Amino acid sequence: MNLFGSYDVVVTGAGSSGIVAAIRAAREGARTLLLEGTGFLGGLITGGRLTKPTGLINSKIFHEMLDRCVGYKGADGRIRESYWGKYTGTFDAEVMQRVIIEMVEEAGVEVLLRANVIETVMKDGAMHGLLIRTKSGESLVLAKAFVDASGDGDVAALAGADFMLGREGDGLTQPITSYFRVLNVDVPALIADCEANRADMWEVVYPKEAGNRNEDYAMAVLLTGFQQRIKDKVAEGFDWIIPKDHITMKTGLIPGEISVNVTRFQGNGLDDRDLSRAEIEIRKQAYCAFDFLQRYVKGFENAIFLEVAPKLGVRETRRVTGQYVLTEADVRGNRRFEDAIGLCNSPVDVHEPGGSRAIMDHVGVGYGIPYRCMVPLKVDNLLVAGRCISVDEIAFGSTRNVPACTMTGEAAAIAASLAAKRGVATSTVGAAEVQGRLRELGVWLGTPGEAVPDVLKQAS
């Protein structure tokens, strides 16, 4: 077997959690390898065009990423507020890609793209290596500690970790989606349409000081609604093929650019046939939605369909069972934990499995994410980060979002780098040590008695 290399920390998956984890591990002094199955870095925040964090950013690495995007004039870093709570800015996907490349290289992270993990190397319940497959063939990667930031919990599952999948009863997961982007939209006319039909809109967020130019609204508009309009036009004969009853859209960096979130495909994100069908059906749905917007929503009359996001938006797959399972009651009850590694205010965002509805519930000042949610049962030398952490199906509606993904990525990297530095198993690293480093960095932890950040004091 070809030995690709030996490392202190190996991070699998280069989405938001994996990027943050790899940069943090390298900055902590660990020789770090970042493995990614696609040909680009960033996952959904770049290839998926998921450019608006749903909640306040609490990861220091991701804060820096966003600040650098602002420096390139490719982000709006201001804190804004929706009906579901406060969130940190928006950014352009390609500018974010540029920033990620810069920061990964500056940190000294080794990156291997188009690399898939096919097997784990285990000894006495602890992970010591990964078998990967690339264009060059199969190779062995050895490390002292591993972070599974794959989103799907692939590495943990291969290692034999227990996991949860879907909702209790029928096992259905939240549907798959993809953004699509449109150019040449008359944004002032669109906003005027939404205001004229305010009863049909759940949210209409835009800078009130803006004028009549598209430039005034770049990266600053968030619209959700159109439910009654869809219902009325379907009754009149429009062929709406999308199993979703509302539309969300946001403006991008290019004046007149709109990203639309409306597509929905019910399938298993771990099934090859379902994923292939999703790629095709979602494009058909995007064309349908574009036709609808051009005909029935002002501002879209001269719009140009630009693209469907190249990375499929798989919302939910495995949730790796850890030492603690974060619950809906914990999230809605703003619970604090002694071992919390991050305060999260992301809403409970659940797209109905098998249905057309969605909920977006405010969680107030937020809840703490326990370190134990990142520590899988039965497998040592492995931590999980991102959307595959240990949570129940409703709590997942909050933790699957970028703020929690990046917080868990940073905490997992600190723990993994500590274990590697000492040459010990990750199970020997205590939450208190990780918290101590996070406090030094200025992260809000979500522990009992911790002061509520000023930015959240007005949250209800």
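For the structure itself, look to the data block above.
**Student:** Please set out the overall build of the chain residue by residue, giving values where relevant.
**Tutor:** Within the chain one finds eleven helices and 21 strands. Since a compact globule built from 460 residues should have a radius of gyration of about 23 Å, the 21 Å found for the chain is in line with a globular shape. A principal-axis box enclosing the C-alpha atoms of the chain has dimensions of 65 × 50 × 45 Å. Across the 460 residues in the chain, those meeting the buried criterion constitute 60%. Here the contacts in the chain between residues at least 6 apart in sequence split such that 73% fall between residues at least 24 apart. On the chain, roughly 17,400 Å² of surface is accessible, and the fraction owed to carbon and sulfur atoms is 48%. Computed over 51 positive and 59 negative side-chain charges, the separation of the two mean positions in the chain equals 1 Å.

**Student:** So, the environment of alanine 415: which residues are in play, and what are the values?
**Tutor:** Here alanine 415 lies in helix H10 (residues 402-422). A relative accessible area of 0% means that alanine 415 is categorised as buried. Ignoring sequence-local partners within four residues, the contact set of alanine 415 consists of Tyr371, Leu383, Val429 and Val434.

**Student:** If you had to explain the pattern of salt bridges to someone new, which residues and values would you point to?
**Tutor:** Considering all chains together, one arrives at 35 salt bridges under this definition. One salt-bridge network, in which partners are shared between bridges, spans Arg27, Glu64, Arg68, Arg98, Glu102 and Glu106.

**Student:** Tell me about the pairing of strand S10 (residues 180-183), and please be specific about residues and values.
**Tutor:** Two strands pair when backbone bridges link them, and S10 and strand S14 (residues 258-261) are joined in this way by three bridges, in the antiparallel orientation. By the bridge assignment for S14, phenylalanine 180 is matched with valine 260. One ladder, built from four bridges, connects S10 with strand S15 (residues 304-308); its direction is antiparallel. By the bridge assignment, arginine 181 is partnered in S15 with glutamate 307.

**Student:** Account for unusual backbone geometry, with residues named and values stated.
**Tutor:** Residues other than glycine seldom take positive phi values, yet arginine 114 does so here, at roughly 50 degrees. Along the chain, arginine 114 falls in the loop between strand S5 (110-112) and strand S6 (116-123). The exposure class assigned to arginine 114 is exposed, which follows from its relative accessible area of 58%. Despite not being glycine, lysine 378 has its phi angle at roughly 75 degrees, a positive value. Turning to its location among the elements, lysine 378 is positioned in the loop between strand S20 (367-370) and strand S21 (382-384).

**Student:** Could you give an account of helix H5 (residues 187-196), with specific residues and numbers?
**Tutor:** Owing to its 3.6 residues per turn, the α-helix brings residues three or four apart onto one side. If you check which residues of H5 are buried, you get Val187, Pro188, Leu190, Ile191, Asp193 and Cys194. Against strand S11 (201-205), strand S12 (222-225), helix H6 (227-235), strand S13 (247-251), S14 and helix H7 (272-296) lie the buried residues of H5.

**Student:** Kindly report on the packing of helix H1 (residues 16-27) against H10, identifying the contributing residues and their values.
**Tutor:** Where H1 meets H10, the axes come as close as 7 Å, and the angle between the chain directions of the two elements is 30 degrees. The angle between H1 and H10 places the two elements in the roughly parallel class. For the crossing formed where H1 meets H10, the hand is right-handed. Listed contacts from H10 to Ser16, Ser17, Val20, Ala21, Arg24 and Ala25 of H1 are Val402, Cys405, Thr406, Gly409, Glu410, Ala413, Ile414 and Ser417.

**Student:** Give me the pairing of strand S19 (residues 358-361): which residues, what numbers.
**Tutor:** In terms of strand pairing, strand S18 (residues 348-351) meets S19 through four bridges, oriented antiparallel. Bridge pairing in S19 links valine 350 to isoleucine 359. Following S18, the chain reverses through six residues before pairing antiparallel with S19; glycine 354 in that reversal takes a positive phi of roughly 75 degrees.

**Student:** Talk me through the side chain of arginine 318; I want residue IDs and the actual numbers.
**Tutor:** Within the element layout of this structure, arginine 318 appears in strand S16 (residues 318-320). At 2.8 Å, the side chain of arginine 318 and the backbone oxygen of aspartate 152 are in polar contact. At 2.8 Å, the side chain of arginine 318 forms a polar contact with the side chain of aspartate 154.

Conventions adopted
Per chain, residue numbering runs from 1 following the sequence as it is written. Only residues with pLDDT of at least 70 are given local features in this predicted model, and only at 80 or more are side-chain atom pairs given and counted; all residues enter the totals for whole chains, interfaces and linings. Excluded from the side-chain calculation are hydrogens and water; included are all heavy atoms of the structure. Secondary structure elements follow DSSP: runs of H or I of four or more residues count as helices, runs of E of two or more count as strands, with numbering from the N terminus. Based on C-alpha atoms, the radius of gyration is set beside the globule rule, defined as 2.2 Å times the residue count to the power 0.38. Exposure classes here rest on a 1.4 Å probe applied to the protein chains alone. A residue is buried below 20% of its type maximum, exposed above 50%, and partly exposed in between. Whether two residues are in contact is decided by their heavy atoms: any pair within 4.5 Å suffices. For accessible areas, the Shrake-Rupley method is used with a probe of radius 1.4 Å. Any residue's cover is judged against the shown protein chains and nothing else. Only four residue types enter the tally: Lys and Arg on the positive side, Asp and Glu on the negative side, with His and both chain ends excluded. Positions of charges follow a simple convention, taking NZ of Lys, CZ of Arg, CG of Asp or CD of Glu. The working definition used for a salt bridge is a side-chain nitrogen of Lys or Arg within 4 Å of a carboxyl oxygen of Asp or Glu. Between any two strands, at least two bridges found by DSSP are needed for them to pair. Axis lines are fitted to C-alpha atoms, over the contacting stretch for helices. Their N-to-C directions set the angle, which ranges from 0 to 180 degrees. Any angle between 65 and 115 degrees counts as roughly perpendicular, while under 35 counts as roughly parallel, over 145 as roughly antiparallel, and the rest as oblique. Crossing handedness follows the turn of the near helix against the far one: under a right angle anticlockwise gives a left-handed crossing, and clockwise gives a right-handed one. The definition of a polar contact used here is a pair of N or O atoms within 3.5 Å, where within protein one atom must be able to donate a hydrogen and the other to accept one, and adjacent residues in sequence count solely through side-chain atom pairs.

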